[in-house]
Amino acid sequence: MPSEPIEAEFARPPALSREQEEQFRTLEVERLPSLLSRPPTHVPGTPDSVTAYEGTPTICTVDDLTNELKREGYRIVEFEKGTGEDPREWSKGKKWYVTCTTAALCLAVALGSSIITGDMTGPTEELHTQQEITNLTVTCFVMGFGIGPLFMAPLSEVVGRRPIYCVSMFLYFIFTLPGMLAHNAATLVVGRMIAGLAASAPMCNVGGSISDVWAIEERGAPMAVFSATLFMGPCLGPMVGGWIGMRVGWRWIYRVLFIYLGVCFISTLFIPETLAPVLLRRKAKALRKSSGDESYCTVQELEKVPFSETLKVALVRPLMMLLQEPIVIFMTCYLSFIYSLLYLMFFAFPIAFAEIRGFNMGITGITFVSIMLGILAAMCLIPYQERIYAKVTKNGTFPEARLYPMMFGAFVLPAALFLFAFTGAYKWVHWIAVCISGFLFGFAMIIIYISANSYIIDSYSDYAASAMAAKTFVRSEIGAMVPLFVEQMFHGMGFQFAGLLLALVAVAISPIPFVFYKHGESIRARSARASQLKRIKDPIGDSEKCAH
């Protein structure tokens with residue numbers, strides 16, 4: 001599987017331990033013992049639960065594996081400290097260049113998915129097609145960057161991050177061109193589908209790039225920059241696209257995107273390679289060539305899994321987890337609903353403001369600032385969430401401790417949707433009420449998103465990348481379906497009742513975090529893949545309770 005999932009970067013404190021992160025960074029694999037070319041072994045004095053093979057030591061971490069390979073006579077190539085070989089020893093300027101450039105790539109993907117919603121009627125009228133066909137330009141793009149990571153992520157292990165960025169952004173750049181020049185709807189839709197597939201590469205590699213160059217304790221500011229582009233980027237799309245479409249027409253939306261992608265593509269040509277296995281492989285190759293000693297090797301070269309096997313795991317394991325693991329199933333359903341609501345807002349806000357209240361598309365785009373403010377407010381509360389987590393895990397960590405923000409968000413989300421339904425439908429209700437609902441939605445979306453993803457990663461830390469790949473694929477494909485029915489839904493049912501239906505769905509699924517908080521431990525105990533960490537009760541608190 002690819003490097004650690006992007007969602008692992010947002011958890012505070014970190015969802016992955018230093019050992020797990022080093023495992024992803026060095027070998028790009030999940031579940032280290034199961035992928036070794038040597039069997040797990042038992043050392044006298046270790047627990048009997050470890051499989052015993054006499055004569056060789058236990059290999060459970062990357063350091064154990066490295067030491068064992070050295071004992072076998074290999075010259076293991078590693079980064080030399082103080083030489084600048086390790087990307088984490090690069091200068092701050094170089095690290096920030098990688099951070100800002102990769103964040104710009106994520107912004108390009110986020111903008112590309114939503115900027116065209118600034119004018120969806122223009123292509124329909126000019127190309128003489130149906131509105132549903134025009135809406136496919138959003139659907140196909142989102143479908144593309146949901147499917148792409150299943151192939152792009154394993155491929156990055158072979159060739160590195162930089163070539164993937166360069167090729168994917170070039171294809172994204174080129175296949176945005178049909179939007180500028182299309183004379184029929186088919187050209188527009190097919191171009192968007194291919195562009196979406198190409199755009200998926202940054203989404204599955206940027207989190208890894210940041211962890212490549214920044215140590216855990218240094219990631220505060222870089223993650224803030226990255227978070228802003230990832231979460232707020234989709235909301236910038238309608239703001240920019242609305243004004244462009246209103247002033248100079250829908251083709252200029254694609255032209256502006258095309259220009260921005262061209263700048264992003266040029267920047268990728270200067271991004272240095274950051275993936276540790278690739279850099280070490282190059283170093284080992286140079287040492288073998290200069291010395292003639294074939295014993296110079298990297299850990300990944302000696303324990304390399306065939307690409308066909310890596311691809312098989314990348315495609316099959318997420319599907320198996322999606323069918324077999326209750327935590328993955330229900331959290332995926334919840335997050336898919338949240339993600340669908342975001343894309344629904346790109347079509348529902350224009351109905352509430354442009355159709356009902358008569359706002360122009362430029363001003364309608366500005367109303368998405370309300371969602372962005374909600375996102376910002378949620379991210380400002382992350383330090384408070386850290387204090388809660390520290391308090392409830394003082395006797396030992398357990399995955400369910402991640403669910404407190406999600407349980408709070410389970411109340412905020414229905415409230416936001418009820419407010420949206422009963423204020424957006426009526427022209428005489430002040431527009432600020434709809435914006436307040438947007439603020440509450442943005443707030444709920446982020447605290448639920450970060451909390452649920454952290455819970456999945458904590459619950460399946462040995463299979464984190466597979467669990468997140470399953471969630472991301474389903475979330476993207478379900479979110480992609482929204483443009484195909486949202487306008488018919490709001491016009492056919494009526495704005496108020498369509499919004500009410502969404503609010504009732506949010507109420508129906510709101511018990512999910514509470515159920516897992518209470519029963520998550522027993523659910524994990526029945527899974528062969530899940531963490532078996534248990535909640536340790538406070539003995540002092542228990543004695544006081546018994547005395548009372």
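Given the structure is predicted, the values throughout are model-derived calculations rather than measurements.

*Asks:* Go over the overall build of the protein, please, and point to the residues and values.
*Replies:* Helix and strand counts for the protein come out as 26 helices and two strands. Looking at the protein as a whole, 58% of its 548 residues are labelled buried. A fraction of 80% describes how many contacts in the protein between residues 6 or more apart in sequence connect residues 24 or more apart. In the structure as shown, the protein presents an accessible area of about 22700 Å², 66% of it carried by carbon and sulfur atoms.

*Asks:* How would you summarise the nonpolar core if you had to cite specific residues and measurements?
*Replies:* A general feature of soluble globular proteins is that nonpolar side chains tend to end up buried together. By size, the foremost hydrophobic cluster in this structure holds 122 residues, and its most contacted members are Tyr-172, Met-331, Leu-413 and Phe-490. If you tally residues by element for this core, the top one is helix H16 (residues 326–355), at 20 residues. Filtering out sequence-adjacent residues up to four positions away, Met-331 remains in contact with Leu-403, Met-406, Ala-452, Tyr-455, Ile-456, Ile-512 and Phe-516. Counting six residues, the second-largest nonpolar core is a separate cluster that includes Ala-276, Leu-279, Leu-280 and Ala-284.

*Asks:* Which residues make up the confidence of the model for the protein, and what values go with them?
*Replies:* For the protein, per-residue confidence averages 83 on the pLDDT scale, and residues scoring 70 or more make up 87% of the total. Here helix H26 (residues 539–547) stands out as the element of the protein with the lowest mean pLDDT, 45, in contrast to helix H24 (residues 495–509), whose mean of 95 is the highest. Under a pLDDT of 50 for its full length, residues 39–57 has, in the predicted model, 25 contacts with residues more than four places off or in other chains. A low-confidence stretch, residues 542–548 (pLDDT under 50), is modelled with one contact involving residues beyond four sequence positions or located in other chains.

*Asks:* Which residues make up the environment of Pro-178, and what values do they have?
*Replies:* If you trace the backbone, Pro-178 turns up in helix H9 (residues 177–181). For the pair formed by Pro-178 and Val-190, sequence separation is 12 residues and the distance between their alpha carbons is 8.7 Å. The residues contacting Pro-178, other than those within four sequence positions of it, are Thr-187, Leu-188 and Gly-191.

*Asks:* Tell me about the pattern of salt bridges, and name the residues and values.
*Replies:* Pairs can form between side chains of opposite charge once their charged atoms are near each other. Enumeration over the complete set of coordinates arrives at eight salt bridges. For Arg-75, the salt bridge identified is with Asp-293, shortest N-O distance 2.9 Å. Of this pair, Arg-75 sits in strand E1 (residues 75–76) while Asp-293 sits in the loop between helix H13 (276–291) and strand E2 (296–297), placing them 218 residues apart in sequence. For Arg-75, a relative accessible area of 43% translates into the label partly exposed. A residue is classified by how much of its surface remains accessible, and Asp-293, at 24% relative accessible area, is partly exposed. For Lys-283, the salt bridge is made with Glu-85, and the minimal N-O distance between the two is 2.8 Å. With Lys-283 in helix H13 and Glu-85 in the loop between E1 and helix H4 (92–114), the pair connects residues that are 198 residues apart, well separated along the chain. What makes Glu-85 partly exposed here is its relative accessible area of 27%.

*Asks:* Explain the side chain of Thr-134 to me, and be specific about the residues and the numbers.
*Replies:* With respect to the helices, strands and loops of the structure, Thr-134 is situated in helix H6 (residues 131–147). At 2.7 Å, the side chain of Thr-134 forms a polar contact with the side chain of Thr-124. When residues no more than four places from it in sequence are discounted, the contact partners of Thr-134 are Met-120, Pro-123, Thr-124 and Thr-129.

*Asks:* An account of helix H20 (residues 404–424) is requested, with residue identities and associated values reported.
*Replies:* Under the 1.5 Å per step criterion, the end-to-end length of H20 is 30 Å for 21 residues, consistent within 8% with the ideal 30 Å. Helix geometry: H20 is bent most strongly at Ala-410, by close to 25 degrees, with proline Pro-414 lying one to four residues after it.

*Asks:* So what's going on with helix H12 (residues 250–268)? Residues and values would help.
*Replies:* The terminal C-alpha atoms of H12, which comprises 19 residues, lie 28 Å apart, in line with the 27 Å expected from a rise of 1.5 Å per residue. Where H12 is concerned, the buried positions are Trp-250, Arg-251, Ile-253, Tyr-254, Leu-257, Phe-258, Leu-261, Gly-262, Cys-264, Phe-265, Ser-267 and Thr-268.

*Asks:* An account of the packing of H16 against helix H21 (residues 431–459) is needed here, citing residue identities and associated values.
*Replies:* One way to put it is that H16 packs onto H21 with a least axis distance of 10 Å and a crossing angle of 160 degrees. The angle between H16 and H21 places the two elements in the roughly antiparallel class. The two elements H16 and H21 meet at a crossing, and its hand is left-handed. Along the lines of polarity and charge, the residues of the contact of H16 with H21 split into 21 nonpolar, three polar and no charged.

Calculation criteria
Residues numbered from 1 in each chain as written. Predicted model: local features only at pLDDT ≥ 70, side-chain atom pairs only at ≥ 80, totals over all residues. Heavy atoms only, no water. Helix = DSSP H or I, 4+ residues; strand = E, 2+ residues; numbered from the N terminus. Buried < 20%, exposed > 50% of the residue type's maximum accessible area, 1.4 Å probe, protein only. Contact = heavy atoms within 4.5 Å. Areas by Shrake-Rupley, 256 points an atom, 1.4 Å probe, with all protein chains shown as cover. Core = buried A, V, L, I, M, F, W, Y, C linked by side-chain atoms within 4.5 Å. pLDDT = per-residue confidence, 0-100. Salt bridge = Lys/Arg side-chain N within 4 Å of Asp/Glu carboxyl O. Polar contact = N/O pair within 3.5 Å; in protein donor to acceptor, adjacent residues only side chain to side chain. Expected span 1.5 Å × (residues − 1). Bend = angle between axes of the 7 residues up to and from the residue. Axes fitted to C-alpha atoms, helices over the stretch in contact; angles between N-to-C directions. Parallel < 35°, antiparallel > 145°, perpendicular 65-115°, else oblique. Left-handed = near helix turned anticlockwise from the far one by under 90°. Nonpolar A, V, L, I, M, F, W, Y, C, P; charged D, E, K, R; others polar.

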